[in-house]
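Coordinates in review
Next come the chains, spelled out residue by residue.
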Amino acid sequence: MRLSRYILPTLKEDPSDAVVLSHRLMMRAGLIRKESAGMYVYLPLGWRVLRKIIDIVREEMDLAGALEFLMPELTAADLWKESGRWDTMGPEMFRIRDRNGLEYALAPTHEEAFTGAVRNIISSYRDLPVNVYQINTKFRDEIRPRFGVIRSKEFIMKDAYSFDMDEAGLESSYQAMRAAYRRVFERCGLDTIPVEADTGAMGGSNSEEFMVASEVGEETLLLCGGCGYKANREKAEYRRADGAGDGPKKDLTEVPTPDVKTIEDLTRFFKCEPDRFLKSIIYEADGRPVMAVVPGSREINEQKLARAAGAAQLDLAPDSVVEEVTGAPVGFAGPVTKKDLRIIYDISVKHVSNGITGANKKDVHFEGVNPGRDFIIKEEADVTCAEEGDPCPRCGASMYVKKGIEVGHIFKLGYKYTKAMDVAVLDENGAKVTPIMGCYGIGVNRTMAAVVEQHNDGKGIIWPASIAPFDAHLVGLGKSDEEIAAADEIYEMLLAEGIDVLYDDRKASPGIKFADADLVGIPVRLTVGKTYFQTGEVEVKLRSGGEVMKVSREGLAEKVSELLGQDPTMKA
Ligand SMILES: [Zn+2]
């Protein structure tokens, strides 16, 4: 491709609205342009990269035995009503009507659509297992689109859905996807961290996210250097120490605490460490009040609490509900109560002795609170967030924290959709069996942004060879007709040899050409300049660094192929 005939609007300056590195570099290297909030135009160079990622994803999915579909992106409301998600998906789902008033969603995900399609095709155990997928656009009405293509309203996703006869079958489908995902990301040059994840509202029992460590990541990962335990914050567990408190059990005593409300106020007032306090917060789980009791220093993990409560929807209770169920204003709730209230205790609470809690009375706390004597723990669960430095749940070593971008997610869905949508096949004995599902996603645009986050230097992007927009960047520096003709000839020769080459034949200064080559980040740079006109040798340089090599015209194509072949992503 001749750059003089190409569209590559590189920028010298960082765009002011681009706050993360990948966004800045993708804009500056002429890969994308913003169309409107959360929507991006992929220019020819950016689309080339995206297509290469898509090709890798498709190859690995096909190798794993998955079957590619093309699904409508308009999905009928009836499908969503069958699963119940028409009502629960919330404002993130774009909903529209056709001219006859029929309702549709612009699909944010395709569980219902694929389940609906597969339901009409499979009828026997002989039809299973099957894993179906597509690489298609998804839509989400993001409340805050940001970070360029990392969080946008419209994006390309590979989504796959497996259907198996039983849990053992699902396990093998899941493991096949797990292996395929590792290969996809390795081939794209991405260092991913697979972490245990919460299955959230999707329901299900087993789930893993593929994270890319990044300071702009919106997910928090807890990692153990000792045994390799990895989990996201929604899921991460930690080992509990013996509780706070000391000495023999004291009597339960009321203490007047006017204007003492926050944990900081309380530690000052009672002169003790925060974990002596049993923080008691009232939530509404599917509309019913539930109190969560956790040590004072800990943050409640709402995902864990929702799971423990078996609730699809969990919200902080409004003040009026708090006053109703505790009999006191907000700030004085506690588990020592005669009211019939569901209470879920964090698993650390039983270790606390001589604790302090709200007395369910205005301006009063209890001191000397002891589990088992002053309240009975009927329901306990891990409902707190693990923090940096907490002991690993498996080996006890201190865990550390990293921020991550989620690029892939695999999980065992179970029977949620096949049951709700009445999918059945006949087994060997002619009995009806409900298939069990798994679901597997890769964010394609995010993967591209994550690669840029991981592969760059002060001058621009350094593409892994596997997904680089071109193999080689040929820079012609000649001015005379003869010199230009010589560079043209090299270009034609490389094309004929099957090298995918971007040829900078513009009338621009060497400085501009080299700066653009560095910014755009094509793996091999070839310069036809003074050296070539004097000695017949082309200067060859890797974008990733190293010496300038001088290669004769005859050996050039072979040298480029050899260099590309040495790239780790080409060996993966
Ligand atoms: Zn560990």
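Predicted model only: the values in this text are computed from it and were never measured. (Residues numbered from 1 in each chain as written. Predicted model: local features only at pLDDT ≥ 70, side-chain atom pairs only at ≥ 80, totals over all residues. Heavy atoms only, no water.)

Let us now look at the overall build of the protein. The helix and strand tally for the protein stands at 16 helices and 31 strands. With respect to the three principal axes, the spread of C-alpha positions in the protein is 100 × 65 × 50 Å. The 572 residues of the protein split such that 52% are buried. Restricting to contacts in the protein with at least 6 residues of sequence separation, those with at least 24 account for 70%. (Helix = DSSP H or I, 4+ residues; strand = E, 2+ residues; numbered from the N terminus. Buried < 20%, exposed > 50% of the residue type's maximum accessible area, 1.4 Å probe, protein only. Contact = heavy atoms within 4.5 Å.)

Strand order in the open sheet formed by five strands is β16-β14-β15-β17-β20, with mixed pairing between adjacent strands. Strands at the two margins of the open sheet, each flanked by one partner only, are β16 (314-316) and β20 (380-381). Judged from the two bridges that link them, strand β17 (residues 342-346) and β20 form a sheet pairing that is parallel. When the bridges of β20 are listed, Y345 appears paired with E380. Each of β14 (278-285) and β15 (288-295) touches helix α9 (residues 319-326); the most contacted strand, β14, lies at about 115 degrees to it. (Pairing = 2+ DSSP bridges. Axes fitted to C-alpha atoms, helices over the stretch in contact; angles between N-to-C directions.)

Applying the stated criterion to the full structure yields two cavities of 30 Å³ or more. Space inside the largest cavity adds up to approximately 60 Å³. If you go around the largest cavity, the residues you meet are F147, I150, R151, V216, G217, E218, E219, G404, I405, E406 and R446. The dominant element in the lining of the largest cavity, judged by the number of residues it contributes, is strand β21 (residues 399-414), at three residues. For the lining of the largest cavity, a count of residues per class yields four nonpolar, two polar and five charged. Estimated volume of the second largest cavity: approximately 30 Å³. Together, M291, V325, T326, G334, T337, K339, L341 and N360 line the second largest cavity. (1 Å grid on protein atoms, 1.4 Å probe; cavity = no way out; pocket = protein on both sides within 12 Å on 5 of 7 lines; lining within 4 Å. Points joined across faces, edges and corners; volume = space filled by probe spheres on them. Nonpolar A, V, L, I, M, F, W, Y, C, P; charged D, E, K, R; others polar.)

Before going further, it helps to examine the packing of aromatic side chains. The final tally for this structure, using the stated rule, is eleven aromatic pairs. Cation over ring: R95 sits above W86, and NZ or CZ is 4.7 Å from the ring centre. We note K412 situated over the ring of Y174; from NZ or CZ to the ring centre the distance is 5.2 Å. (Phe/Tyr/Trp six-rings, centres within 6.5 Å; stacked < 30°, edge-to-face > 60°. Lys NZ or Arg CZ within 6 Å of the ring centre and 35° of its normal.)

The biggest cluster of nonpolar side chains holds 59 residues, and the ones touching the most others in it are L31 and W463. Tallying contributions element by element places helix α2 (residues 44-63) first for this core, with eight residues. No fewer than three residues from each of domain 1 (46-219 + 402-450) and domain 3 (463-571) sit in this core. Residue contacts for W463: discarding those within four places in its chain leaves L31, V49, M448, V451, V452, A468, P469, V520, G521, I522 and P523. Ranked by size, the runner-up nonpolar core spans 23 residues in total, among them A472, V524, V551 and V560. (Core = buried A, V, L, I, M, F, W, Y, C linked by side-chain atoms within 4.5 Å. Domains from an automatic or database assignment.)

The protein atoms that coordinate the zinc ion are C224 (SG), C227 (SG), C392 (SG) and C395 (SG), at distances of 2.3 to 2.4 Å. Each of the four donor atoms bound to the zinc ion contributes to angles spanning 99 to 117 degrees, and the resulting shape is tetrahedral. Read N to C, the donor residues that coordinate the zinc ion are spaced as C-x2-C-x164-C-x2-C. Of this pair, C227 sits in the loop between β11 (219-224) and β12 (230-232) while C395 sits in the loop between β20 and β21, placing them 168 residues apart in sequence. Look at C227 and you get partly exposed, because its relative accessible area is 40%. (Donors = N, O, S within 2.8 Å, 3.2 Å for Na, K, Ca; no water. Tetrahedral: all angles 85-135°; square planar, octahedral: opposite > 155°, others 65-115°.)

Time to look at the packing of helix α1 (residues 21-28) against helix α11 (residues 444-454). Packing of α1 against α11 brings their axes to within 8 Å, and their N-to-C directions diverge by 100 degrees. When the interaxial angle is binned, α1 and α11 end up roughly perpendicular. Contacts from L21, S22, L25 and M26 in α1 reach M448, A449, V452 and E453 in α11. Taken together, the residues of the contact of α1 with α11 break down into six nonpolar, one polar and one charged. (Parallel < 35°, antiparallel > 145°, perpendicular 65-115°, else oblique.)

Quick look at the side chain of N445 now. Mapped onto the fold, N445 is located in helix α11. Residue class for N445 comes out buried when judged on its relative accessible area of 5%. Polar contacts involving the side chain of N445 include one to the side chain of Y42, which spans 3.0 Å. Among the polar contacts made by the side chain of N445, one reaches the main-chain amide nitrogen of I156 at a distance of 2.7 Å. Not counting residues up to four positions away in its chain, the partners in contact with N445 are Y42, L50, V149, F155 and I156. (Polar contact = N/O pair within 3.5 Å; in protein donor to acceptor, adjacent residues only side chain to side chain.)

Our focus in this paragraph is the pattern of salt bridges. Taken as a whole and judged by the stated rule, the model has 42 salt bridges. Across the salt bridge formed by E196 and R394, the nearest N and O atoms sit 2.6 Å from each other. Note that E196 is positioned in strand β9 (residues 193-196) and R394 in the loop between β20 and β21, a separation of 198 residues in sequence. Here E562 and K559 are joined by a salt bridge, their closest N and O atoms 3.6 Å apart. On the criterion of helical spacing, the pair formed by E562 and K559 is a turn pair, its members being three residues apart in helix α15 (residues 556-566). Residue E562 is classed as partly exposed on the basis of its relative accessible area of 39%. (Salt bridge = Lys/Arg side-chain N within 4 Å of Asp/Glu carboxyl O.)

It is worth spelling out the environment of M399 at this point. Within the secondary structure, M399 sits in strand β21. A C-alpha to C-alpha distance of 39 Å links M399 and E254, two positions 145 residues apart in sequence.

If you trace the backbone, D516 turns up in helix α13 (residues 510-520). When near neighbours in sequence (up to four residues on either side) are disregarded, D516 contacts T10 and R506.

Purely spatial values, then, with no claim about function.
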